[in-house]
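Structural description and commentary
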Amino acid sequence: MAPATQPHTREEPPVAASSPPGGCAQRAFASTRSLDRAELIAAPIRWPRPSRLDAELELSGARMAAGMRALGLRTVGDLLGHLPSDSREARTIAALCAGEQATVAVQVRRIGARAVRRRGMRPLVEATVFDATGTMRATFFNQPWLLERYPPRTRLLLHGKADGRGGFSVSHHAPGAELGSDVGESEAVAHYPAADGVSSTQILTLMREARGALGEVIEPLSAATRVAERLPDHASALAAMHFPRLPADLESGRRRLAFEELLLGQLVFLRRRAARRVRTGAAVLGDRGGLCGRWLEGGLPFALTADQRRAIEEIAGDLEQPAPMQRLLLGEVGSGKTVVALYAMLQAVGHGHQAALMAPTETLAEQHFATIQRLLGVGVGGVLITAALLTGSTPARRRAEILARLASGELSLIVGTHALIEPDVHFDALAVAVIDEQHRFGVRQRAALGEREGTDPARPGGISSCSPHTLHMTATPIPRTLALARFGDLDTSTLRELPLGRQPIETRLVAGESERARAYEELRGELAAGRQAYVVCPLVEEAEAPATAGAGAGGAGTGAAPIALTSELGLRAAAAELERLRNGELHGYQLALLHGGMRPREKQAAMAAFASGEADVLVATTVIEVGIDVPNATVMLIENAERFGISQLHQLRGRVGRGEHRARCFLAGPPDATGSGRLRALVDHADGFRLAEIDLALRKEGELIGTRQSGIGHFRVARLPEDAQLLERARARAQAIVASDPELRTPEHALLAAALERAHGPGAIEPIAA
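This text gives an overview of the structure that appears in the document. Numbering of residues begins from 1 in every chain and follows the order in which that chain's sequence is written. For this predicted model, a pLDDT threshold of at least 70 governs which residues receive local features, and a threshold of 80 or more governs which side-chain atom pairs are given and counted, while totals over whole chains, interfaces and linings are taken from all residues. In computing side-chain properties, one takes all heavy atoms of the structure into account and sets aside hydrogens as well as water.

What follows concerns the nonpolar core. To qualify as a nonpolar core, a set must consist of buried Ala, Val, Leu, Ile, Met, Phe, Trp, Tyr and Cys residues joined through side-chain atoms within 4.5 Å. Burial classes follow relative accessibility: with a 1.4 Å probe on protein chains only, a residue under 20% of its type's maximum area counts as buried, one over 50% as exposed, and anything between as partly exposed. Met68, Leu79, Leu80, Leu263, Leu267 and Leu752 are the most contacted members of the largest nonpolar core, which totals 58 residues. Any two residues having at least one pair of non-hydrogen atoms within 4.5 Å are treated as being in contact. Non-local contacts of Leu267, meaning those with residues more than four positions away in its chain, are made with Ala734, Ile737, Val738, Leu752 and Leu756. Among the nonpolar cores identified, the runner-up in size contains 45 residues, and Ala355, Ile372, Val415 and Ala431 belong to it.

Next up, the structure:
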């Protein structure tokens, strides 16, 4: 990796700044003569002057200035932070090959214009240019003003294509007094993200003019960290990216900067977790042999898996602490997360407190409530557990009753949707909060439930406020890389093992109408054998906006089903597909419709009909993605599968295979669907965590430290999952730093603390929910 160039060589000290180990004498440069104390003291020392990085860039022309503003480049520091996206190989004139795109550094010998016969075209500008290896003719199109801008002896950086006959068609160009001497044959030239009005070549010119400012860049990492991780300093990494000698230099510099970026993110997570534990108290739920012990021993109709037992043990350990639990329960589809969550909730109830479970949709909340009622039966060991369901559709009188019982402490367990975080919802003693499908809530929505204060009778006076223990759950398996990057301030428990009796699901691609017909033939065979099936469509109604495709629960209402089968984009709509199937492939069978636009009572009726076996087929949108459990359903056909993501398809597939019979899932798409890497991954892999790794490689992360969850990737330099090993190293180094200096107050971490604040703001360590 090329070292950073220091801009003022006259200030460079001729001797080392400190004595080496053992007290050996310092010697003058290129000499055996030892230097005395006076000479050492008099040796010049150069300190970085970061204020110089705030100097405004000097730009030529309003168009270029507008382009730089669009890129967010205003100061010298902004420019140095504008990293190249790639590198191109620089050539000498003698090394140019016909038809090859190349970059050359040259000097103008003479320049002139030549008229063009084609109507409407401006004169061509032709310049004879040279370097140390030869001469060529460079042609500029539609830019006659270059005659005055590039007089003889001007140094230029040109990018374009050689014709093999001594000519060179220029596509990008920029002047620069320093360009000719330091770009040679087969060297790499950085290529930058550009904008209208400013090209990559022009940015490179500005970068070379600002090269001396690298000496003003502050190094945030301590010497101990750089030595332990075998890292160059920050300025050298920037130099390697902006001025690479070899293409490999670009990646070497990027990895050094990526490590720093990942380290800062992990420091935020770890310091936030430490701050949360110090600043906030929680009820101590330490008795494992009470209500929960009796429930585990005799209240479950099935045996727990080893993963479930391990997760319960980890949660029990958290609940015994006076600091609030912040744990993420990651689980494979159908791995039994609700049972683990119910354990945590019963621990609260067993200690005289309350527990709440919040789900993103009414359908999921209703399914959770039904599951909890089934698992608790009439009570645990003779103890009746009071529970209620609260959603946006709860009638006003029933809602008022629930809120009153919740505030008085009469109600022990509550399951609900966003309705649980309304301003008028008050708990008497909330000790455990479970947030299911946490990625479907906004950060602030998740925090709202976790910030509800309860009381801890075990504290002096019995009325001190405390925060609830919080368990986040997701039915979307997340690989360790993403878990560290997105949920670094949460402890994690993982459920990979499926309960006994779960059947493997055969997944097949259905490309085109003939294969769809065969899939429906198999589906009818299952129905004839007494089984049930799902048909999933991306739209509710065919008139929906294209953006709704794949969105799931959104709907266009419950009006009459349209006659058209598909939308303008060829997307199948559930309402129209229901009518088509009734008169087509599934004529004679009972079909039910379910989508998010239906009224709550209509959705309940549809689900009840399917769960009881009255309906043979449920035609639905992705509202059934989570929370639906009908063991007799053995077939799922997903229309327009190419419109869904890997994670969503895996979730949908998990609705079948929950009983004793063999299950299958058909992914229906256009004739070219067999070439889809995403759909092929579903066919080849049943492991949700492996699919999540594949999904991560195809998608960008949302902003992880703040409150954004999607859009442009949060990391500017790091790349996941390619930098997974780098992330592990950054995590380990952050843990070591926080263990020894949690507030970053020691002198060696002062610059690191400043970099942390610059990158994530002064509030980055506040204990907000992840």
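Next, the rest of the story.
As a further point, take the side chain of Ser493. Put simply, DSSP H or I for four residues or longer makes a helix, DSSP E for two residues or longer makes a strand, and each gets a number counted from the N terminus. The topology assignment puts Ser493 in strand β16 (residues 491-495). Among the polar contacts listed, one links the side chain of Ser493 to the side chain of Arg327, at a separation of 2.9 Å. Polar contact criterion, stated in full: a pair of N or O atoms within 3.5 Å, where within protein one must be able to donate a hydrogen and the other to accept it, and residues adjacent in sequence count only if both atoms are side-chain atoms.

Another point: helix α12 (residues 362-376). Under the convention used throughout, the expected extent of a helix is 1.5 Å for every residue step, that is, one less than its residue count. The first and last C-alpha atoms of α12 sit 21 Å apart over 15 residues, in line with the 21 Å expected at 1.5 Å per residue. α12 sits mainly inside the fold: 12 of its 15 residues count as buried. Those residues of α12 that sit buried are Glu362, Thr363, Leu364, Ala365, Glu366, Gln367, His368, Phe369, Thr371, Ile372, Leu375 and Leu376. The positive-phi residue at the C-terminal boundary of α12 is Gly377, with phi of around 60°.

Here we take up the packing of helix α19 (residues 646-653) against helix α20 (residues 677-684). Fitted lines through C-alpha atoms give the axes, limited to the stretch in contact for helices. The angle between two N-to-C directions lies from 0 to 180 degrees. Direction vectors running N to C along α19 and α20 enclose 35°, while the axes themselves pass 10 Å from each other. Crossing angle aside, the handedness with which α19 passes α20 is right-handed. Taking contact as the criterion, the partners of Ile646, Leu649, His650 and Arg653 in α19 are, on α20, Arg678, Leu679 and Leu682. Looking at the contact of α19 with α20 residue by residue, the classes come out as 4 nonpolar, 1 polar and 2 charged. Crossing handedness is read from the near helix: turned anticlockwise from the far helix by less than a right angle, it gives a left-handed crossing, and turned clockwise, a right-handed one. Just so you know the grouping, Ala, Val, Leu, Ile, Met, Phe, Trp, Tyr, Cys and Pro go in nonpolar, Asp, Glu, Lys and Arg go in charged, and all remaining residues, Gly too, go in polar.

This next bit is on the environment of Arg256. Here Arg256 shows up in helix α8 (residues 247-279). Expressed as a C-alpha distance, the spacing of Arg256 and Val717, which sit 461 residues apart in the sequence, is 9.4 Å. Among the polar contacts made by the side chain of Arg256, one reaches the main-chain carbonyl oxygen of Pro232 at a distance of 2.7 Å.

It is worth spelling out the packing of aromatic side chains at this point. In this description, a pair of aromatic rings is defined by centroid distance and the angle of the planes. The rule is short: rings of Phe, Tyr and Trp, with Trp giving its six-membered ring, pair when the centres are within 6.5 Å, and they are stacked under 30 degrees, edge-to-face over 60, tilted in between. Tallied over the entire structure, the rule returns 2 aromatic pairs. Residues Phe140 and Tyr150 carry aromatic rings whose centres are separated by 6.2 Å and whose planes lie at 55° to one another, so their mutual orientation is tilted. Here Tyr150 lies in the loop between α4 (146-149) and β5 (155-162) and Phe140 lies in strand β4 (residues 134-140), a separation of 10 residues in the sequence. Judged by its relative accessible area of 0%, Phe140 falls in the buried class. For Tyr150, a relative accessible area of 1% gives the class buried. Ring geometry for Tyr534 against Phe610: centres 5.0 Å apart, planes inclined by 55°, an arrangement best described as tilted. Of this pair, Tyr534 sits in strand β18 (residues 532-536) while Phe610 is found in helix α18 (residues 600-612), placing the two residues 76 residues apart along the sequence. Directly above the ring of Phe130 sits Arg109, whose terminal nitrogen or CZ lies 4.5 Å from the centroid. Consider the ring centre and the ring normal. A charge sits over the ring if Lys NZ or Arg CZ is within 6 Å of that centre and within 35 degrees of that normal.

With that settled, the discussion passes to the sheet that holds strand β17 (residues 505-511). Pairing is parallel across the open sheet formed by 6 strands, whose spatial order is β17-β22-β21-β18-β20-β19. Looking at which strands have only one partner, the edges of the open sheet turn out to be β17 and β19 (591-594). Sheet twist, expressed as the average angle between the axes of neighbouring strands with direction ignored, equals 20°. Of the strand pairs in this sheet, β18 and strand β20 (residues 617-620) are connected by 4 bridges, and their pairing is parallel. Bridge assignment links Ala533 to a residue of β20, and that residue is Val617. Sheet strands touched by helix α17 (residues 574-582): β18, β19 and β20. Its angle to β19, the strand with the most contacts, is close to 175°. In this description, strands pair whenever DSSP reports at least two bridges between them.

In a beta sheet, neighbouring strands pair by backbone hydrogen bonds and run either parallel or antiparallel. Reading across from one edge, β10-β11-β9-β12-β15-β8-β16 is the order of the 7 strands in this open sheet, with parallel pairing throughout. The sheet terminates laterally at β10 (387-390) and β16, the two strands that pair on one side only. The sheet shows a mean angle of 20° between the axes of neighbouring strands, direction not considered. Taken together, the 5 bridges between strand β9 (residues 354-358) and strand β12 (residues 430-435) define a ladder with parallel strand orientation. Within β12, the position partnered with Ala356 by the bridge is Ala433. Docked against the sheet, α12 engages β9, β10, β11 (413-416) and β15 (469-474), running at close to 150° with respect to β11.

Interpretation note: all reported values are geometric properties and have no functional meaning in isolation.
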